[in-house]
Amino acid sequence: MANKLSNCETCPVHQSAYLKKLGVNTDNWDYVLALAGNPNTGKSTVFNALTGLRQHTGNWPGKTVTRAEGGFLYQEKRYKLVDLPGTYSLLSTSTDEEVARNFILFGKPDVTVIVMDATRIERNLNLTLQILEITDRIVVCLNLIDEAHRHQLSIDERKLSKELGVPVIPTSARRSEGIQELLKAIHEVANGLYICKPHRIASGSKPLRRAVSHLVEKIENRFKGISNARWIALRLLEGDPRIIEAVKDGELDKLEQNLKSIEAV
Amino acid sequence: MKNHTESIKQQEQKISDDILDTANSLRWELGENLHDSLLESIYQDAAKISEKVVTKVDAKPRYDWDKTLDRLLTSRWTGFPIMLLMLTAVFWITISGANVPSALLASLLIEIIHPILKDAALTIGLPLWLNGLMIDGVYLSMAWVISVMLPPMAIFFPLFTLLEDFGYLPRVAFNLDSFFKKAGAHGKQALTMAMGYGCNAAGIIATRVIDSPRERLIAIITNNFSLCNGRWPTQILIASLFIGSLVPAALGGLVSAGAVVFVALLGVALTFITSWFLSRTILKGEASAFSLELPPYRPPKILQTLYTSLIDRTIFVLWRAIIFAVPAGAVIWLSANLMIGDMSIGEHIINFLGPFGLLLGLNGVILFAYIIAIPANEIVIPTILMLTVMTLNVSSVGEGAGVIFELDDYRTYTELFSAGGWTLLTAINLMLFSLIHNPCSTTIYTIYKETKSIKWTAISTFLPIMMGLTICFFIAQLWRLFFGTG
């Protein structure tokens, strides 16, 4: 089926049959997507390409100051897309980073799409690796691939995908290239057709590893079926007040239940 | 059952507390460098992976445009002249390009459609007062705002957006950063200041990019010193009439353009001075450090930019201006047509304001016009014209009491203004007052929405108007001291 279609994938008739841009109409969604990434990687452009909205894009970091939402219909499923503010990390305490992190953790996105700048892989990986610790439903959108080529960079996206354990789709959202492939990957992760095996950051020293595994055991015992126990443990060890609070009032528990009930539907 | 869930809850709470206690004691054992060691392992992994997947194609290194451009645009010697040139070019294209379409729109909306509407109103037998209020008041003020505002905005916003898409704005911020830092403000204020040249309300919203509340407030309060779209027409008209006419005709255009640029630069200077003042008084604090990444230059997508800047910015701002111009049009018409004794309300107010105006080197008409025109700076000049005609009882120009109109000929303006007692001092102070007065009501409302504070909204409103009144007063006194008249 996929082979048959690939011939006409560039045909607009084919595309319109699969992607329907819904603009700001995000009622009755089946899946929630979060759009995360470093500043100035073209997140808003990807957002616009998917939703058909024309959120203002600009070539300077920090352009998106409010959380933007939009929707699209793909393969008869309705997706709600949330454009998060661009951040370099999720570890410090700026408002932007907290908005992004809390949404990925507590906003229960079904898939988190990480937009990476293909010309700055190493720096962008810092954020990507952190998000990989929090959630295991991820698609990496390797944007600005045309610019990388212009800068004589060759990127092995299949190897990158293997290293990260998640789908990696090269795109040039400005030219609407790779959007179909991106949609397909999102669809597969959202529907459980692709199971991500996210890369885990090396845990450093022996005492740290011991401390983490000790905590993870307790956390998994308290919050059954939790997928990011290791990350929670690390945050607790660092004394992150928001996470401590979430453990205290059982918010994490509710999260897992909610996710499951969505899956059941 | 209830007991059962209750006990589960208690048990869960116990485990949660146990988790937190364990984490607490482990934290002490591990020491304080956990954060750093975590960061380190993230960096290590990122470097490892990136090394595996990225290869630099061994081709002849291409000429690096980005670096060359950056060297030119952000250098100490060339950065500022280029910035000034760019801004002047943008304004020059806006000013000269907007003339023709503005005139076309004005003749369509005012000379052709207005009489048709008047006739139609007569035919359907609309009462005379309603006819005047709706068509001479509301419709004409709307028509004026559209014809004066739409063309310059439709040129300015796309030009600005193109520069933004290209990646020039972060370089401007980079150039101005040290100045803002010295003033105790945030370097990103350069970006919000630039947005303010289009529209102050848009500039205020743009201050969201500044994290620190202190620096954001400074950016909000001083944004008004960015001469907005609605004030450019006032500057250009008055400069052409009074300043350009001081020199031979051949130089007139250049000199009046220079005067406008001077006022704009004065606005920049006031931004720095006020920021400096605020950060040493009511908004005390050090400038926070920030890292501004200079993004790569990208060829702007011209058609898309045109579309988005037209829809997002131009139509949005225009629509807002129309909404505010409608009631203002009605107020102007009413103030000219409702009588107390043998004078209209408007004339009473102007006579009352006259002495204050004179003290400030302005006049009663201008002050009253600024009160009526709080909703939108765009309607200041038409209001001044209408009020001047009304007080002079000139019957040869204009179309009747309370009717906003536009004069086609500069000479007619000059005659009208000199009959109204205008001097060079009036003109200069009007240009200054247009720069330094309260923000329009939309901007005030936006400030309130953004700060959620009546106090800061009031400060943003009254600080500039007090400054404007003070500056105008001193200039008027000095002028009269040195030149005797005025």
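Fair warning: this is a prediction, and the values are worked out from it, not measured in the lab.

Engineer: Got a minute to help me understand the overall build of chain B in this structure?
Structural biologist: Looking only at helices and strands, chain B has 19 helices and three strands in total. A separation of at least 24 residues holds for 76% of the contacts in chain B among residues at least 6 apart in sequence. Roughly 23,400 Å² of accessible area belongs to chain B as shown, and the carbon and sulfur atoms make up 69% of that amount.

Engineer: Please clarify how the overall build of chain A should be interpreted in this entry.
Structural biologist: Assigned secondary structure in chain A consists of 12 helices and eight strands. Burial statistics for chain A: of 265 residues in total, 57% are counted as buried. The contacts in chain A between residues at least 6 apart in sequence include a share of 69% that link residues at least 24 apart. Working note: accessible area of chain A is about 11,300 Å², and carbon and sulfur atoms make up 49% of it.

Engineer: Which parts of the structure should I look at to understand unusual backbone geometry?
Structural biologist: Glycine aside, residues mostly have negative phi angles, and peptide bonds mostly take the trans form. All names here are of chain A. The residue Glu76 is not glycine, and still its phi comes out positive at about 65 degrees. Structurally, Glu76 can be placed in the loop between strand 3 (68–74) and strand 4 (77–83). A relative accessible area of 74% places Glu76 in the exposed class.

Engineer: In this structure, what is going on with the nonpolar core? I would like to understand it.
Structural biologist: A general tendency of soluble globular proteins is for nonpolar side chains to be buried together. Residue and element names in this part refer to chain B. Ile384 and Leu387 are the most contacted members of the largest nonpolar core, which has 100 residues in total. Per-element tally for this core: the top contributor is helix 5 (residues 128–166), with 13 residues. Once you skip the residues sitting within four places of it in the chain, Ile384 turns out to touch Val365, Ile366, Ala369, Phe417, Trp422 and Leu430.

Engineer: Honestly, the pairing of strand 4 of chain A in this entry has me stumped. Any pointers?
Structural biologist: Every other side chain in a regular strand lies on the same face of the sheet, so the side chains alternate between the two faces. Residue and element names in this part refer to chain A. The buried count for strand 4 comes to five of seven residues, which makes it a mostly enclosed element. The pairing of strand 2 (residues 31–37) with strand 4 spans five bridges and is classified as parallel. The partner of Leu33 across the bridge, within strand 4, is Leu81. In this structure, the hairpin formed by strand 3 and strand 4 is closed by a connection of two residues, where Gln75 is found at a positive phi of approximately 50 degrees.

Engineer: Looking at this structure, how should I read the packing of helix 13 (residues 345–359) of chain B against helix 15 (residues 380–392) of chain B?
Structural biologist: In helix packing, the relevant descriptors are the interaxial angle and the interaxial distance, both defined with respect to the helix axes. Residue and element names in this part refer to chain B. Their axes nearest at 10 Å, the elements helix 13 and helix 15 cross at an angle of 95 degrees. By the angle class used here, helix 13 and helix 15 are roughly perpendicular. Listed contacts from helix 15 to Gly346, Glu347 and Ile350 of helix 13 are Leu387, Met390 and Thr391. Across the contact of helix 13 with helix 15, the residue classes break down as three nonpolar, two polar and one charged.

Engineer: What exactly am I supposed to notice about the packing of helix 11 (residues 249–278) of chain B against helix 17 (residues 424–435) of chain B here?
Structural biologist: Residues and elements named next belong to chain B. Contact pair helix 11 / helix 17: the axes reach a minimum separation of 10 Å and the direction vectors enclose 40 degrees. Compared by their axis directions, helix 11 and helix 17 come out oblique. Both helix 11 and helix 17 take part in a crossing whose hand is right-handed. Side by side, helix 11 and helix 17 meet where Ala259, Val263, Leu266, Gly267 and Leu270 of the first sit next to Met431, Leu432 and Leu435 of the second. A class-by-class count of the residues in the contact of helix 11 with helix 17 yields seven nonpolar, one polar and no charged.

Engineer: Help me out: how do you make sense of the pattern of salt bridges in this one?
Structural biologist: Should their charged atoms come close, side chains of opposite charge can pair. A complete count under the given rule lists 15 salt bridges over all chains for this structure. Residues joined by salt bridges that share partners form a network here, namely A:Arg101, A:Arg235, A:Glu238 and A:Asp240.

Engineer: When you look at the pairing of strand 5 (residues 111–117) of chain A in this model, what are you seeing that I'm missing?
Structural biologist: All names here are of chain A. Of all seven residues that make up strand 5, seven are buried, and the element is covered over most of its length. A two-sided burial pattern is seen for strand 5, the buried positions comprising Val111, Val113, Val115 and Asp117 on one face and Thr112, Ile114 and Met116 on the other. Bridging between strand 2 and strand 5 involves five bridges; their strand directions are parallel. The partner of Ala36 across the bridge, within strand 5, is Ile114. Tracing the backbone out of strand 5, into helix 5 (residues 121–134) and back to the parallel element strand 6 (residues 138–143) gives a crossover that is right-handed.

Engineer: Help me understand the interface of chain A and chain B in this model?
Structural biologist: Bring the parts together and some accessible area is lost; that lost area is often taken as the interface size. With 61 residues of chain A in contact, the opposing surface of chain B contributes 54 residues. Buried surface at the junction of chain A and chain B, summed over both partners, amounts to about 5,700 Å²; 59% is from carbon and sulfur atoms. On the surface where chain A and chain B come into contact, there are two salt bridges. The residue A:Lys218 makes a salt bridge to B:Asp18 at a minimum N-O spacing of 2.8 Å. At the junction of chain A with chain B, the criterion picks out nine residue pairs in polar contact (both at pLDDT 80 or more). Breaking the side of chain A that touches chain B down by element, the ones donating at least two residues are helix 5, helix 6 (145–150), strand 7 (153–155), helix 7 (157–164), helix 9 (206–222), helix 10 (229–238) and helix 11 (241–248) of chain A. The biggest single contributor to the side of chain A that touches chain B is helix 9 of chain A, with eight residues. When its residues are assigned to classes, the side of chain A that touches chain B shows 26 nonpolar, 17 polar and 18 charged. In this sheet, strand 1 (residues 54–56) of chain B lies alongside strand 7 of chain A in antiparallel orientation, the contact comprising three bridges. Within the sheet, the bridge partner assigned to A:Ile155 lies in strand 1 of chain B and is B:Val54.

Engineer: Any chance you could explain a nonpolar patch on the surface here in plain terms?
Structural biologist: Residue and element names in this part refer to chain B. Taken together, the side chains of Tyr307, Leu310, Ile311 and Ile315 present a nonpolar region at the surface, about 340 Å² in accessible area. By the secondary structure assignment, Ile315 is in helix 12 (residues 302–337). The class for Ile315 is partly exposed, based on a relative accessible area of 43%.

Engineer: How should I be thinking about the environment of B:Pro299 in this particular structure?
Structural biologist: Along the chain, the position of B:Pro299 falls in the loop between helix 11 and helix 12. Once the C-alpha coordinates of B:Pro299 and B:Asp165 are considered, the two residues, 134 residues apart in sequence, prove to be 7.6 Å apart.

Engineer: Looking at this structure, how should I read the packing of aromatic side chains?
Structural biologist: To describe a pair of aromatic rings, you give the distance between the ring centres and the angle between the ring planes. All names here are of chain B. Enumeration according to the criterion identifies 13 aromatic pairs over all chains in this entry. Ring centres of Phe242 and Trp422 lie 6.0 Å apart, and the angle between their planes is 20 degrees; on these two criteria the pair is classed as stacked. Linking Phe242 in helix 10 (residues 232–243) with Trp422 in the loop between helix 16 (410–419) and helix 17, this pair joins segments that are 180 residues apart in sequence. With centroids separated by 4.7 Å and ring planes inclined at 45 degrees, the aromatic side chains of Trp479 and Phe483 adopt a geometry described as tilted.

Engineer: Would you mind going over the confidence of the model for chain B with me for this structure?
Structural biologist: Should pLDDT be low for a region, the predicted coordinates there are not to be read in detail. Here chain B shows a mean pLDDT of 82. Residues at 70 or above account for 91%. Scoring of the predicted complex yields 0.65 for pTM and 0.81 for ipTM.

Engineer: I keep staring at the side chain of B:Arg214 and nothing clicks. Help me out?
Structural biologist: Within the element layout of this structure, B:Arg214 appears in helix 9 (residues 213–222). Contacts of B:Arg214, omitting those with residues within four sequence positions, involve B:Gly184, B:Ser279, B:Leu283, B:Lys284, B:Gly285, B:Glu286 and B:Ala287.

Engineer: It is not clear to me how helix 5 of chain A should be interpreted in this structure. Could you clarify?
Structural biologist: Owing to its 3.6 residues per turn, the α-helix aligns residues three or four sequence positions apart on the same side. All names here are of chain A. If you check helix 5, its first and last C-alpha atoms are 20 Å apart, about what 14 residues at 1.5 Å a residue would give, namely 20 Å. Counting buried positions along helix 5 gives 12 out of 14 residues, so the element sits mostly inside the fold. Restricting attention to buried positions, one finds in helix 5 the residues Ile121, Asn124, Leu125, Asn126, Leu127, Thr128, Leu129, Gln130, Ile131, Leu132, Glu133 and Ile134.

Engineer: Looking at this model, I keep getting lost on the side chain of A:Asn228. Mind explaining?
Structural biologist: Residues and elements named next belong to chain A. When you line up the elements, Asn228 lands in the loop between helix 9 and helix 10. Here the side chain of Asn228 touches Ile134 through a polar contact of 2.6 Å, landing on its backbone oxygen. Setting aside its immediate chain neighbours within four residues, Asn228 contacts Leu105, Glu133 and Ile134.

Engineer: Which parts of the structure should I look at to understand the state of the cysteines?
Structural biologist: Covalently bonding the sulfur atom of one cysteine to the sulfur atom of another cysteine gives a disulfide. Residues and elements named next belong to chain B. Scanning the model with the defined rule gives zero disulfides over all chains in all. There is no disulfide at Cys440, and the cysteine sulfur nearest it, in Cys228, is 6.3 Å away. On the accessibility criterion, Cys440 (11% relative accessible area) is buried.

Calculation rules
- Residues numbered from 1 in each chain as written.
- Chains lettered and ligands numbered in written order.
- Predicted model: local features only at pLDDT ≥ 70, side-chain atom pairs only at ≥ 80, totals over all residues.
- Heavy atoms only, no water.
- Helix = DSSP H or I, 4+ residues; strand = E, 2+ residues; numbered from the N terminus.
- Contact = heavy atoms within 4.5 Å.
- Areas by Shrake-Rupley, 256 points an atom, 1.4 Å probe, with all protein chains shown as cover.
- Buried < 20%, exposed > 50% of the residue type's maximum accessible area, 1.4 Å probe, protein only.
- Core = buried A, V, L, I, M, F, W, Y, C linked by side-chain atoms within 4.5 Å.
- Pairing = 2+ DSSP bridges.
- Axes fitted to C-alpha atoms, helices over the stretch in contact; angles between N-to-C directions.
- Parallel < 35°, antiparallel > 145°, perpendicular 65-115°, else oblique.
- Nonpolar A, V, L, I, M, F, W, Y, C, P; charged D, E, K, R; others polar.
- Left-handed = near helix turned anticlockwise from the far one by under 90°.
- Salt bridge = Lys/Arg side-chain N within 4 Å of Asp/Glu carboxyl O.
- Right-handed = clockwise from strand over helix to strand, strands pointing away.
- Buried area = accessible area lost by both parts, 1.4 Å probe.
- Polar contact = N/O pair within 3.5 Å; in protein donor to acceptor, adjacent residues only side chain to side chain.
- Patch = residues over 30% accessible without salt bridge, like charges linked within 9 Å, V, L, I, M, F, W, Y side chains within 5 Å.
- Phe/Tyr/Trp six-rings, centres within 6.5 Å; stacked < 30°, edge-to-face > 60°.
- pLDDT = per-residue confidence, 0-100.
- Expected span 1.5 Å × (residues − 1).
- Disulfide = S-S within 2.5 Å.

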